[in-house]
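Next come the chains, spelled out residue by residue.
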Amino acid sequence: MFNKRVFIVLIILFSISCKKKNNSGQTTIIPNDQHVSVVTQHNNNTRAGLNDHETTLTTSNVNTKQFGKLFTLEVDDQVYAQPLIAGNLSISGDKHNVVYVASVNNTLYAFDGDDGTTYWQKNFTTAGMRPPKNTDMTGACGGSYQDFSGNIGIVSTPVIDSVSQTIYFVARSTDGTNFVQYLHAVNIISGSEMPGSPVKITATYNGSGDGNINNVITFDAQRQNQRQALTLLNGIVYVAFSSHCDWGPYHGWILGYNSGTLQQQIVYNDTPDGYDGGIWESGMGMAADSQGNLYVVIGNGTVGANNDPTVLTNRGESALKLTPSSSSLQVNSYFTPSNYQYLEDNDLDYGTMGAFLIPNSNFYFTGCKDGKIYLLNKDNMGGFSASGNQVQQTIQLNQDANMHCQPAYYKGASNEFIYIWAENDVLHAYPFNRNTNLLDPTKALVSTVSGPKGQSGAVLSVSSNGSKDGTGIIWASYASSGDAEHDVSPGILRAFDANNITKELWNNNQSPNDASGKYAKFASPTVANGHVYLPTFSNQVVVYGLK
């Protein structure tokens, strides 16, 4: 005979066994049938920012009734790096979705992505030192450096090698006089250093450029800002560098290290006979294709040599296709805007916006501080022409849209969009036409939602269940007020229908319980396994999902 009381007790016991307390004291359901990994900035080496394996979150359930804050991952400082995920990882006696979070205090954390449990945390500041601070950059911005508000430890997004179960990142340290940067390779299960790790970052390059001594340029660990996300390609970890507020002498460097031994294999300097050439891209990583080529956009700096802007030696203000060659990189193709000198003279650098390869195409999407979007053929970028740009397409946005932002991409059942939300502008969705290989401005969708101001635009990520209708969502994080270039500002996370960005689904300011705190500049939300992981400058990553 059916015993109703026994049945109820069994249900309660089963419910308890499926729950546990996380480190914020909240109770959450543990089981998760999704195990997607996000091992590099913006999901993969296209840098398009799309996770098209999201089976839980849809345009129907991301709303104020069903979706919101679940818990927070508490850390010891600001988070500039995008959180990464190792899905279905064997750790702590079972398999879990593990989230890795790096702070500017040089601390790396491994959290359970479904309930917030901390598996390990370790600090990687060099013994006897501390993380550098903004005040250590004494010559940056005339001695009033505010691009960072405090520590400058681990800033760029790390990269994970799933096969070797290794996470790579750069940590910076100083004793107040000496400055060092180290590339670390750490086991993602234990947090322990791998053999050969860490390795001190040093480099020299022959050239007559700014800061050379006897025609040799030496890497400066204080002035070189490691802002762009790391790239792992064909067994080499690539690390790129810019500057602190154009505090010279500095150059744009790309250094490549063997992922197994951490031996330096590649040294490339983009302005060896000139100056500047910082690699920024609003924190996005270099893109790469299946043939082993790298794609990057260089900021302000010297163009050409001997009054000839086509000389490949110095390539400031340029988009580059780079191919590994011996112990360096070779410029395989490039594009330099015809008005590069105007851009240089007026602080309207090419290369501030993150750039990406449109998936399954030959096209590279880039942007410039003057509000122009450039669509380039990745194999024939257009070079330089004084009479006009020889590129696939140019679109002019709002001229106050300085493009400190991270764009993204989505392919639905009937539409294919590129999204961009620059500062002092609105969110745009440009259809990409596969027949013409052009963006269609006449059919662009424009959101009416008020966007970011000042000098810091929105950072975007997209989730979908393949091209299935009703699953495409674009996630936008930006400063809800103030100018995030120099201020620590309150942040907002918004979700839009990816097929119709005029339809906002949800934002985290609609309920006080969903507030995230301070906006994390140039750190995109990570969307995977039914959750949205939002980094912040409030010493936490906020985790959203279905309630």
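Scroll up for the structure.
Residues numbered from 1 in each chain as written. Predicted model: local features only at pLDDT ≥ 70, side-chain atom pairs only at ≥ 80, totals over all residues. Heavy atoms only, no water.

Some details on the state of the cysteines
Now for step 1: All chains considered together, the criterion is met by one disulfide.
Now for step 2: Across the disulfide, Cys 141 is cross-linked to Cys 245 (sulfur-sulfur distance 1.8 Å). Disulfide Cys 141-Cys 245: torsion about the S-S bond near 100°, hence right-handed. On the criterion of sequence distance, the pair formed by Cys 141 in the loop between strand E8 (118-123) and strand E9 (159-161) and Cys 245 in the loop between strand E16 (236-241) and strand E17 (253-258) is long-range, its members being 104 residues apart.
Now for step 3: The exposure class of Cys 141 is partly exposed, given its relative accessible area of 28%.
Now for step 4: Looking at Cys 368, it has no disulfide partner, and the nearest cysteine sulfur is the one in Cys 405, 12 Å off.
Now for step 5: You can call Cys 405 buried: its relative accessible area is 0%. (Disulfide = S-S within 2.5 Å. Helix = DSSP H or I, 4+ residues; strand = E, 2+ residues; numbered from the N terminus. Buried < 20%, exposed > 50% of the residue type's maximum accessible area, 1.4 Å probe, protein only.)

Quick word on the pattern of salt bridges
Now for step 1: Within this structure, the stated rule accounts for 10 salt bridges.
Now for step 2: A salt bridge links Asp 220 to Arg 223, with the nearest nitrogen and oxygen atoms 3.5 Å apart.
Now for step 3: According to the relative accessible area criterion, Asp 220 is partly exposed, its value standing at 27%.
Now for step 4: Arg 223 sits in the buried class, given a relative accessible area of 19%.
Now for step 5: Across the pair Glu 416 and Arg 434 runs a salt bridge whose closest N-O atoms are separated by 2.5 Å. Here Arg 434 lies in the loop between strand E29 (428-433) and strand E30 (438-439) and Glu 416 lies in strand E28 (residues 416-420), a separation of 18 residues in the sequence.
Now for step 6: Given a relative accessible area of 32%, Arg 434 falls into the partly exposed group. (Salt bridge = Lys/Arg side-chain N within 4 Å of Asp/Glu carboxyl O.)

Let's talk about the pairing of E8
Now for step 1: With five bridges joining them, strand E7 (residues 107-112) and E8 adopt antiparallel strand pairing. Residue pairing for E8: Thr 107 is matched across the bridge by Asn 123.
Now for step 2: Here E7 folds back onto E8 in antiparallel fashion, the turn holding five residues, of which Gly 116 has a positive phi close to 90°. (Pairing = 2+ DSSP bridges.)

Quick look at unusual backbone geometry
Now for step 1: Look at the link from Ser 197 to Pro 198: it is a cis peptide, with omega at 0°.
Now for step 2: Locating Pro 198 in the fold gives a position in the loop between strand E11 (179-187) and strand E12 (199-200).
Now for step 3: Cis geometry is adopted by the peptide bond preceding Pro 249, which originates at Gly 248 and carries an omega value of 0°.
Now for step 4: Unusually for a residue other than glycine, Glu 317 sits at a positive phi of about 50°.

As for the packing of aromatic side chains
Now for step 1: Here the structure, examined in full by the defined rule, presents 23 aromatic pairs.
Now for step 2: Seen in terms of ring centroids, Phe 67 and Trp 475 are 5.6 Å apart; in terms of plane orientation they differ by 40°. Their pairing is tilted. Taken together, the residues span a long stretch of sequence, with Phe 67 in strand E4 (residues 67-74) and Trp 475 in strand E33 (residues 473-479) at a distance of 408 residues.
Now for step 3: Classification of Trp 475 by relative accessible area gives buried; the value is 0%.
Now for step 4: Taking the centre distance of 5.6 Å and the plane angle of 75° together, the rings of Tyr 340 and Phe 384 count as edge-to-face. Of this pair, Tyr 340 sits in helix H2 (residues 340-345) while Phe 384 sits in the loop between strand E25 (372-377) and strand E26 (393-396), and the two are 44 residues apart along the sequence.
Now for step 5: Accessibility expressed as a relative area gives 14% for Tyr 340, which makes it buried.
Now for step 6: An aromatic cluster is present here, built from Phe 67, Trp 475, Trp 506 and Tyr 544 joined pairwise through their rings. (Phe/Tyr/Trp six-rings, centres within 6.5 Å; stacked < 30°, edge-to-face > 60°.)

Overview of the side chain of Asp 270
Now for step 1: With respect to the element layout, Asp 270 can be found in the loop between strand E18 (264-269) and strand E19 (287-288).
Now for step 2: The residues touching Asp 270, leaving out its near neighbours within four places in the chain, are Gly 252, Asp 276, Gly 277, Ile 279, Ile 298, Thr 313, Asn 314 and Arg 315. (Contact = heavy atoms within 4.5 Å.)

Details of the sheet that holds strand E20 (residues 294-298)
Now for step 1: Here we have four strands laid out as an open sheet, ordered E19-E20-E21-E22, and antiparallel in their pairing. One side of each edge strand has no neighbouring strand; the edge strands of this open sheet are E19 and strand E22 (328-335).
Now for step 2: Here E20 runs beside strand E21 (residues 318-325); their pairing, made up of five bridges, is antiparallel. The partner of Ile 298 across the bridge, within E21, is Ser 318.

Details of the sheet that holds E9
Now for step 1: Taking strand neighbours across the sheet as the criterion, the four strands line up as E9-E10-E11-E12 in an open arrangement whose pairing is antiparallel. Each edge of the open sheet is held by one strand with a lone partner, namely E9 and E12.
Now for step 2: Bridge count between strand E10 (residues 166-174) and E11: nine bridges; the pairing is antiparallel. Within the sheet, the bridge partner assigned to Thr 166 lies in E11 and is Asn 187.

A closer look at the environment of Tyr 430
Now for step 1: With respect to the helices and strands, the residue Tyr 430 is situated in strand E29.
Now for step 2: With relative accessibility at 4%, the residue Tyr 430 sits in the buried group.
Now for step 3: Separated by 75 residues in the primary sequence, Tyr 430 and Ala 355 have C-alpha atoms spaced 15 Å apart.
Now for step 4: Residues in contact with Tyr 430, not counting those within four places in the same chain, are Ile 373, Ile 395, Leu 397, Glu 416, Phe 417, Ile 418, Ile 420, Leu 439, Asp 440, Pro 441 and Ala 444.

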